[in-house]
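The chain contents come next:
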Amino acid sequence: MKSYMARNDDFEKKWYLIDAQGKPVGRLATKVVSILRGKGKPQFAPHSDIGDFVVIVNADKATFSGRKWEQKTYYRHSHYPGGLKSVTAEELAEKEPGEIIRKAVWGMLPKTRWQKKLIQRMKIYVGDKHPHVAQNPEVLEV
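Residues numbered from 1 in each chain as written. Predicted model: local features only at pLDDT ≥ 70, side-chain atom pairs only at ≥ 80, totals over all residues. Heavy atoms only, no water.

(A) Representation of the sheet that holds strand E5 (residues 122-124) within the structure. In spatial order, the strands read E5-E2-E1-E6; together these four strands make up an open sheet with parallel pairing. Strand pairing shows two members of the sheet lacking a second neighbour, E5 and strand E6 (138-140), which therefore form its edges. Neighbour to neighbour, the strand axes of the sheet diverge by 25 degrees on average, direction disregarded. Examined bridge by bridge, strand E1 (residues 15-19) and strand E2 (residues 53-57) share five bridges and lie parallel to one another. Directly across from Leu17, in E2, lies its bridge partner Val55. Those strands touched by helix H1 (residues 25-37) are E1, E2, E5 and E6, and its axis lies near 155 degrees from that of E2. Each of E2 and E5 is contacted by helix H4 (residues 97-108), which is oriented at about 160 degrees to E5, the strand it contacts most. (Pairing = 2+ DSSP bridges. Helix = DSSP H or I, 4+ residues; strand = E, 2+ residues; numbered from the N terminus. Axes fitted to C-alpha atoms, helices over the stretch in contact; angles between N-to-C directions. Contact = heavy atoms within 4.5 Å.)

(B) Molecular detail of the packing of aromatic side chains. Counted under the stated rule, the structure contains two aromatic pairs. Ring centres of Trp15 and Phe53 lie 4.4 Å apart, and the angle between their planes is 5 degrees; this geometry places the pair in the stacked category. Placement of Trp15 in strand E1 and of Phe53 in strand E2 is noted, with a sequence separation of 38 residues between them. Summarising the burial analysis for this pair, Trp15 and Phe53 share the class buried. (Phe/Tyr/Trp six-rings, centres within 6.5 Å; stacked < 30°, edge-to-face > 60°. Buried < 20%, exposed > 50% of the residue type's maximum accessible area, 1.4 Å probe, protein only.)

(C) Broad picture of the side chain of Arg37. Along the chain, Arg37 falls in helix H1. Not counting residues within four places of it along the chain, the set of residues in contact with Arg37 comprises Phe44, Pro46, Ile50, Gly51, Leu109, Pro110 and Leu118.

(D) Spatial organisation of unusual backbone geometry. We note that Asn58 has phi near 55 degrees; this positive angle belongs to a residue other than glycine. The residue Asn58 is located in the loop between E2 and helix H2 (68-71) in this model.

(E) Layout of the environment of Ala89. Topologically, Ala89 is positioned in helix H3 (residues 89-95). If we ignore the near neighbours within four places in the chain, the residues touching Ala89 are Phe64, Lys68, Trp69, Lys72, Tyr74 and Ile100.

(F) Quick look at the packing of H1 against H4. Running from amino to carboxyl end, H1 crosses H4 at an angle of 55 degrees, the nearest separation of the two axes being 9 Å. Comparing the axis directions of H1 and H4 gives the class oblique. Considering only the axes of H1 and H4, their crossing is right-handed. Contacts between H1 and H4 involve Val25, Gly26, Leu28, Ala29, Thr30, Val32, Val33 and Leu36 from the first element and Ile100, Ile101, Ala104, Val105 and Met108 from the second. Looking at the contact of H1 with H4 residue by residue, the classes come out as 11 nonpolar, two polar and no charged. (Parallel < 35°, antiparallel > 145°, perpendicular 65-115°, else oblique. Left-handed = near helix turned anticlockwise from the far one by under 90°. Nonpolar A, V, L, I, M, F, W, Y, C, P; charged D, E, K, R; others polar.)

(G) View of the environment of His130. On the secondary structure map, His130 appears in the loop between E5 and E6. Assessed through its relative accessible area of 17%, His130 is described here as buried. Setting aside its immediate chain neighbours within four residues, His130 contacts Leu17, Val55, Val57, Tyr125 and Pro137. Reaching out from His130, the side chain makes a polar contact with the backbone nitrogen of His132 at a distance of 3.2 Å. (Polar contact = N/O pair within 3.5 Å; in protein donor to acceptor, adjacent residues only side chain to side chain.)

(H) Expanded view of the nonpolar core. Core analysis: the biggest nonpolar cluster contains 29 residues, and Val32, Ile101 and Val105 have the highest contact counts within it. The greatest single-element share of this core, amounting to seven residues, is contributed by H1. Filtering out sequence-adjacent residues up to four positions away, Ile101 remains in contact with Ala20, Leu28, Ile56, Ala59, Ala62 and Ile124. One finds Trp15, Leu17, Phe53 and Val57 within the second-largest nonpolar core, a separate group that totals five residues. (Core = buried A, V, L, I, M, F, W, Y, C linked by side-chain atoms within 4.5 Å.)

This is the structure we're talking about:
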């Protein structure tokens, strides 16, 4: 008997809609990463690309617990001497509200060749409107 090996072409990609209003960022990100990678499917294999698409609405209404809005710091570096920039979660939320969720998901994805491809399947929107109505996304409660 031959063993079954999942191929990327064997699966139809689904679309999921997640409302981030009032949800903790970390718990939301873990659910999104699981969907992007396809870990909930019985045919999951780390080397195969069987994950689905995720649309996140109300990204500006996601929450942190405790004092993370003031204490959590995001860093970036320009690769020049003295080029370290830092911004708190509160400042980042004012400037780019969806970036907090994108950074949380990016950090949880595996650091392989799939990372960039998987993050492109996640669509983040600040309001509750999105242009992916034609894909008929399935609404998920996180």
